[in-house]
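Architecture and fold: a report
Residue-level listing of the chains:
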Amino acid sequence: MVAHSNIDYSLYLVTSRDTGILSPSNDYFHILEQALIGGVTIVQIREKDADTGEFIEVARKSKEICDRYKVPILINDRIDIALAIGAHGVHVGQKDMPVTTARRLLPKNSIVGIGSVWGTRTKKLTNPIVGVRGVGSILRILDGTDIKAVAIGGVKRANLLRTLHGAVSPTNHPLDGVAIVSDIMGAEDPRARCEALSTTLREFRDAFSSSSTSAFRPSTLTDNWSTDSIKHGVGELMQVLRASNPLVHQITNSVVTTQSANITLAVGGSPIMATTPEEMEDLAKYPGALLINIGTLTTENLDGMFKAGFFANVNKKPLVCDPVGVGATQFRKGTVSELLSTWQASVIKGNAGELAALAGSSEVDAKGVDSAGSFEDPIKFVKNLARRERCVIVLTGVTDYVSDGDRVVLLKNGHEMLGRITGSGCMLGSCIASFCGAAASVGEDLAVGRLVRGDMFLGAIAGILVLTIASERAVARNDVKGPGTFLPALIDEAAALKPEDIIDAAKIELA
Ligand SMILES: Nc1ncnc2c1ncn2[C@@H]1O[C@H](COP(=O)(O)OP(=O)(O)OP(=O)(O)O)[C@@H](O)[C@H]1O
Ligand SMILES: Cc1ncsc1CCO
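Residues numbered from 1 in each chain as written. Chains lettered and ligands numbered in written order. Predicted model: local features only at pLDDT ≥ 70, side-chain atom pairs only at ≥ 80, totals over all residues. Heavy atoms only, no water.

Quick notes on the sheet that holds strand S4 (residues 89-91)
To keep it simple, the criterion reads: When DSSP finds at least two bridges between two strands, those strands are taken to pair. The way it works is that DSSP assigns letters per residue, a run of H or I at least four long becomes a helix, a run of E at least two long becomes a strand, and they are numbered from the N terminus. Each axis is a line fitted through C-alpha atoms, and for a helix only the stretch in contact is used; angles between axes span 0 to 180 degrees, taken between their N-to-C directions. Pairs of residues are marked as contacts when any of their non-hydrogen atoms sit within 4.5 Å.
With respect to topology, seven strands assemble into an open sheet ordered S4-S3-S2-S1-S7-S6-S5, the strand pairing being parallel. Unpaired on one side and paired on the other, S4 and strand S5 (111-115) mark the two borders of the sheet. The mean angle between the axes of side-by-side strands here comes to 30°, regardless of whether they run parallel or antiparallel. Summarising the sheet, strand S2 (residues 42-45) and strand S3 (residues 73-76) pair through three bridges and their orientation is parallel. If you follow Gln44 over to S3, its bridge partner there is Leu74. Seen against the sheet, helix H2 (residues 52-68) touches S2 and S3 and runs at an angle of roughly 160° to S3. Along the sheet, helix H8 (residues 190-210) makes contact with strand S1 (11-14) and strand S7 (177-180), crossing S1 at roughly 145°.

Structure below.
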C-alpha cells in the first residue's frame, strides 16, 4: 500500500531481477526502458536479495530511466531507500490486513493490492487465490472511498481482458489497474508486450465508460427496445444462424449428447461434441460458440472444460454455461465455482434449484438435476445474479427470465411436455449457444474492449423462443402421443420454424 495522489495506476510494473524470470536475451535496465516506452504507468522496484548498497544503486538508476518518461517510481518495503533516491512512494506490504480494516485505517489517496488473482510464478503464494470474481466482492467493500485498487498475481496478456471484465463489483466498481511482474519482465519484446497490455486496458476502459450501465452488457438492443424489436431481432438472428452455420462446440453430458447435437443442427448450427483437452485451443479458433454443461461431470472431463473456456475467452467467443445439478453435490458446487473463476461465461442458464445453488441462496432447493420450487421475486434474483456474474442469466421454468443485469425479459412460451422428457434444459443450452454463435458472427463492432463479440442477450432470448415455440407446435401435432413421440417432433418443428412463426407466437413481457 502506498499513499500518493494523481497517479495513473493502470499498468503497474513490479520489477524483478530474478534470472528465472528475465528472458536471457534481455538486460534488466533495457527491459525497464522498453516497458516504459510501451506504456507502463507506474513502476515499483522490488529487490528480493540485494543488500542496501546494491538496492540503492538499482533504484537510483531505475529512477533516472523512469524520470525520462515521467513515470512515478515506488520502492518495495524500504522507506530508507525510497527517501534516499527521492521516490514517489513506498509500498508497504501489510500482508494479511483485511480490506474492511484497510478501508478504515488507510489515509486518503491510498492504494490496495488485491490478490492473488491467479497463480503466479514470481513468489510462493502467501495470499490465497481470490479469483477474478473474488476481486469484485472486495471492490464492493471499497465503494464510497477514494482508495484505489490494483489486481495482483498472475495477471498477463492472455488473461488481462478476462481479469478486467470479471474484476468489477456488482455495484460497478472497476479496478484502477493491474500489477504485473513476469509477463513484462520475462517478455522477449517487453515494449510490444506493454503496448498490447496498454491497448487492452484502454479499450476496456472506453467500453466500460461508454456504456450507460456496464461494459459487460454485450447487447445491441437500445433503450427503445420493445417486444416488437425483440421479435424482429430474433427473426433476423434465425436467418443469420442458418446462413452462417457456426460451429457449436459442446462439452455436455452423456445423457443428452445425441439430442443436443440434433437440435443444434435443426436450428442451423454445426455441432461438435469434443471433450479432449488437447483439442480445445484449435477448436476455439473457429467462429461459433462453446457450451459447457456439467450434467455428468467427471474429474476426467474437467481439464477440457477449463481449457475450452479459457480459449473461448481469448478468442472472444460466446460461452454458455449450464451448471446442471449444481445444487445436488458439493463436488459440483466446488467445480462450478472454480470454472466460473477461471473463465467468464457469456450466458449462464439453469432452473431455479441450479441458480439458487450458484447464487448461494437457500430459497429454492434442488432435487438432483431438477428444481424443487421457485423464487419469490425472480426478476430481482436474475438481475442481481447477472450483475454479480457479469453475464446474461437465464432462469428456466414455466416462465423463462432473461437478464443482462439491467433489463429483464419474461418469456412465456413452452409446454409442460418439455418437463416430461430428459434434457429439455440441455437442448435449450444448445439452442442458446447456437444463437449466441450467430450473434457473434454479426457482432464485430461490439467486440472492442469486451470479452465477447455480439449481442448475448438477444442470442439467449432467441434460443429460448425457438425451442419453446417449436415445443408448442410439436404438441399440437396429431402424431405426437406423449414424450416418446414428442422428442423427434420437437426436432422437426425446430428445423421447420420460420421467423414469422416467432413473430406470431412469441409471448414476451418486459419487466
Ligand atoms: N411446464 C412448462 N410449461 C412451459 N414451458 C416449460 C415447462 N417446463 C419446462 N418448460 C420449458 O422448458 C425449457 C427447459 O426448462 P426446464 O426448467 O425444464 O429445464 P431443466 O430443468 O434444466 O431441464 P432438464 O434437466 O431436463 O434438462 C425452458 O425453456 C422452459 O420454459
Ligand atoms: C438425467 C440427467 N442426469 C445427469 S444429466 C441429465 C440430463 C438432464 O439434465
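Focus: the packing of helix H1 (residues 28-38) against H8
The line we're drawing: Each angle receives one of four descriptions, namely roughly parallel if under 35 degrees, roughly antiparallel if over 145, roughly perpendicular if within 65 to 115, and oblique otherwise. Note on convention: the crossing is left-handed when the near helix lies turned anticlockwise from the far helix by less than a right angle, right-handed when the turn is clockwise. Ten residue types, Ala, Val, Leu, Ile, Met, Phe, Trp, Tyr, Cys and Pro, are classed as nonpolar, four, Asp, Glu, Lys and Arg, as charged, and the remainder, Gly among them, as polar.
It is the contact of H1 with H8, at a shortest axis distance of 7 Å, that shows an interaxial angle of 30°. The angle between H1 and H8 falls in the class roughly parallel. Two packed elements cross with a definite hand, and for H1 against H8 that hand is right-handed. For the pair H1 and H8, the contacting residues are Ile31, Gln34, Ala35, Ile37 and Gly38 in the first and Pro190, Arg191, Cys194, Glu195 and Ser198 in the second. Grouping the constituent residues of the contact of H1 with H8 by class yields five nonpolar, three polar and two charged.

A few points about the nonpolar core
Note that soluble globular proteins tend to have their nonpolar side chains buried in a common cluster. To keep things clear, this is the line we draw: For this analysis, a nonpolar core means a set of buried residues of the types Ala, Val, Leu, Ile, Met, Phe, Trp, Tyr and Cys, connected via side-chain atoms within 4.5 Å. Burial here depends on accessible area, computed with a 1.4 Å probe over protein chains only, as a share of the maximum for the residue type. Under 20% is buried, over 50% is exposed, and the range in between is partly exposed.
Leu11, Tyr12, Val40, Val43, Ile75, Val178 and Ile184 are the most contacted members of the largest nonpolar core, which totals 69 residues. If one sorts the elements of this core by residue count, H1 sits on top with six residues. Once residues lying within four places of it in the same chain are set aside, the contact partners of Ile184 are Leu11, Leu13, Ile31, Ala35, Val40, Pro190, Cys194 and Leu197. Listed in part, the 55 residues of the second largest apolar core include Trp225, Val320, Leu465 and Leu497.

Considerations on empty space enclosed by the protein
Applied cut-off: Grid spacing is 1 Å over the protein atoms alone, the probe is 1.4 Å, and a cavity is where that probe fits but cannot get out, while a pocket is an open set with protein on both sides within 12 Å along at least five of seven lines and lining residues have an atom within 4 Å of a point. Grid points are joined across faces, edges and corners, and a volume is the space filled by probe spheres set on the points.
Counted by the stated rule, this structure contains three cavities of 30 Å³ or more. Each pocket or cavity is described by its volume, and for the second largest cavity that value is around 50 Å³. Along its surface, the second largest cavity is lined by His249, Met280, Leu283, Ala284, Leu290, Ala308, Ala312 and Lys317. Where the lining of the second largest cavity is concerned, the elements lending two or more residues are helix H11 (280-283) and helix H12 (299-314). Split by residue class, the lining of the second largest cavity holds six nonpolar, one polar and one charged.

Brief notes about helix H10 (residues 257-267)
Buried residues of H10: Gln259, Ser260, Ala261, Ile263, Thr264, Ala266 and Val267, and no others. Considering only its buried residues, H10 is in contact with helix H9 (227-244), strand S8 (247-251), strand S9 (270-272), helix H16 (424-441), helix H17 (456-475) and helix H18 (483-496). Immediately beyond the C-terminal end of H10, within one or two residues, lies Gly268, with a positive phi of roughly 115°.

Structural notes on the domain arrangement of the protein chain
What counts is decided by this rule: An automatic or database domain assignment is the source of the domain bounds shown. Buried area: the accessible area, evaluated with a 1.4 Å probe, that two parts lose upon being put together, summed over both parts. Think of a salt bridge as a Lys or Arg side-chain nitrogen and an Asp or Glu carboxyl oxygen that are within 4 Å of each other. Polar contacts, as counted here, are pairs of nitrogen or oxygen atoms within 3.5 Å of one another; within protein the pair requires one atom able to donate a hydrogen and one able to accept it, and residues that are adjacent in sequence qualify only if both atoms are side-chain atoms.
By the assigned domains, the protein chain splits into domain 1 (11-188) and domain 2 (231-510). The straight-line distance from the C-alpha centre of domain 1 to that of domain 2 is 39 Å. Taken together, the contact between domain 1 and domain 2 spans eleven residues of the former and 17 residues of the latter. Counting each side, the surface lost to burial between domain 1 and domain 2 is near 1300 Å², with a carbon and sulfur contribution of 51%. Together, Arg133, Arg162 and His165 form the three largest contributors to the area buried by domain 1 at its contact with domain 2, with a combined 51%. Taken together, the links from domain 1 to domain 2 amount to one salt bridge. The salt bridge involving Arg133 is made with Glu389; its shortest N-O contact spans 3.0 Å. The tally of links between domain 1 and domain 2 comes to eight residue pairs in polar contact (both at pLDDT 80 or more).

Digging into the layout of surface pockets
In this structure, the second largest pocket encloses a volume near 990 Å³. What lines the second largest pocket is a set of 41 residues, and nearest its centre among them are Asn351, Thr396, Gly397, Ser424 and Gly425. Looking at the lining of the second largest pocket, the elements that each hand over two or more residues are strand S12 (347-351), helix H14 (352-359), strand S14 (370-372), strand S15 (392-396), strand S16 (400-403), H16 and H17. In terms of residues, the lining of the second largest pocket owes the most to one element, H16, which gives four residues. Partitioning the lining of the second largest pocket into residue classes produces 15 nonpolar, 19 polar and seven charged.

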